[in-house]
There are 2 protein chains.
Amino acid sequence: MNKKYLAEDIAKRISIKKYEAYNFIDLFIEVALDNLGKGRKLVLSKFGTLIVKKKNKKRVINPINREPMIIPPAKIVKFIPSENLKRRFEGNG
Amino acid sequence: MNKKYLAEDIAKRISIKKYEAYNFIDLFIEVALDNLGKGRKLVLSKFGTLIVKKKNKKRVINPINREPMIIPPAKIVKFIPSENLKRRFEGNG
């Protein structure tokens, strides 16, 4: 499902126009991105947490030539599913 | 930031009531969960994709006693950040 599909489903459930639901979803994403950009993590209860995680530089040994090398610091975006989400979807397939 | 915080930010930007924005976020999550439950992946352009992934059973060797063993099939929830999200947040820290 994409934004269009979600917007249609939401519009049906609460009797609003599809474009209104679509615009809201877009705004929701924009606000979330803005705040992630300011270093805030996004906590959606019953769903999960999205964080921009800093990974420090790391000293490792190059497995090929056995020389020590440094992996530079980096940022990654990480999603941690909530307990509710895990209970609902994870587990024995 | 949590749902309350997001709702306040959204309400400010488009002049709606906080509880309206809050209810919309809740509905958005509910609809997304419903559709994930039906096996549909959630694709939010400019943000990312959430999928419930099936992992098949796997035959491995127990590293302690060297006996062959089977890891049962399982489901996991996985978030794949969009290129936009990666460009914005990932990279050199």
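Our structure's up above, just so we're on the same page.
Residues numbered from 1 in each chain as written. Chains lettered and ligands numbered in written order. Predicted model: local features only at pLDDT ≥ 70, side-chain atom pairs only at ≥ 80, totals over all residues. Heavy atoms only, no water.

1. Topic: the pattern of salt bridges
Piece 1. On inspection of all chains with the given rule, the structure shows 14 salt bridges over all chains.
Piece 2. For Asp34(A), the salt bridge is made with Arg13(B), and the minimal N-O distance between the two is 2.9 Å. Pair noted here: Asp34(A) is in helix α2 (residues 18-37) and Arg13(B) is in helix α1 (residues 3-14), and the two residues belong to different chains.
Piece 3. According to the relative accessible area criterion, Asp34(A) is partly exposed, its value standing at 26%. (Salt bridge = Lys/Arg side-chain N within 4 Å of Asp/Glu carboxyl O. Helix = DSSP H or I, 4+ residues; strand = E, 2+ residues; numbered from the N terminus. Buried < 20%, exposed > 50% of the residue type's maximum accessible area, 1.4 Å probe, protein only.)

2. Digging into the nonpolar core
Piece 1. With 46 residues, the main nonpolar core has Phe47(A) and Phe47(B) as its most contacted residues.
Piece 2. With residues near it in sequence (within four places) discarded, Phe47(A) still touches Phe79(A), Pro81(A), Ser82(A), Leu85(A), Ile29(B), Ala32(B), Leu33(B), Leu36(B), Leu42(B) and Leu50(B). (Core = buried A, V, L, I, M, F, W, Y, C linked by side-chain atoms within 4.5 Å. Contact = heavy atoms within 4.5 Å.)

3. Describing the packing of aromatic side chains
Piece 1. Enumeration according to the criterion identifies 5 aromatic pairs over all chains in this entry.
Piece 2. By way of ring pairs, the aromatic residues Phe47(A), Phe79(A), Phe47(B) and Phe79(B) are connected into one cluster. (Phe/Tyr/Trp six-rings, centres within 6.5 Å; stacked < 30°, edge-to-face > 60°.)

4. What about the interface of chain A and chain B?
Piece 1. Across the boundary between the two partners, chain A contributes 50 residues, which contact 50 residues of chain B.
Piece 2. A combined buried area of about 4700 Å² lies between chain A and chain B, and 71% of that area is made up of carbon and sulfur atoms.
Piece 3. For the chain A face of the interface with chain B, the top three residues by lost area are Met1(A), Phe24(A) and Phe89(A), together amounting to 17%.
Piece 4. On the surface where chain A and chain B come into contact, there are 6 salt bridges.
Piece 5. In this structure, the salt-bridge partner of Asp34(A) is Arg88(B), at a minimum N-O distance of 3.7 Å.
Piece 6. The tally of links between chain A and chain B comes to 14 residue pairs in polar contact (both at pLDDT 80 or more). (Buried area = accessible area lost by both parts, 1.4 Å probe. Polar contact = N/O pair within 3.5 Å; in protein donor to acceptor, adjacent residues only side chain to side chain.)

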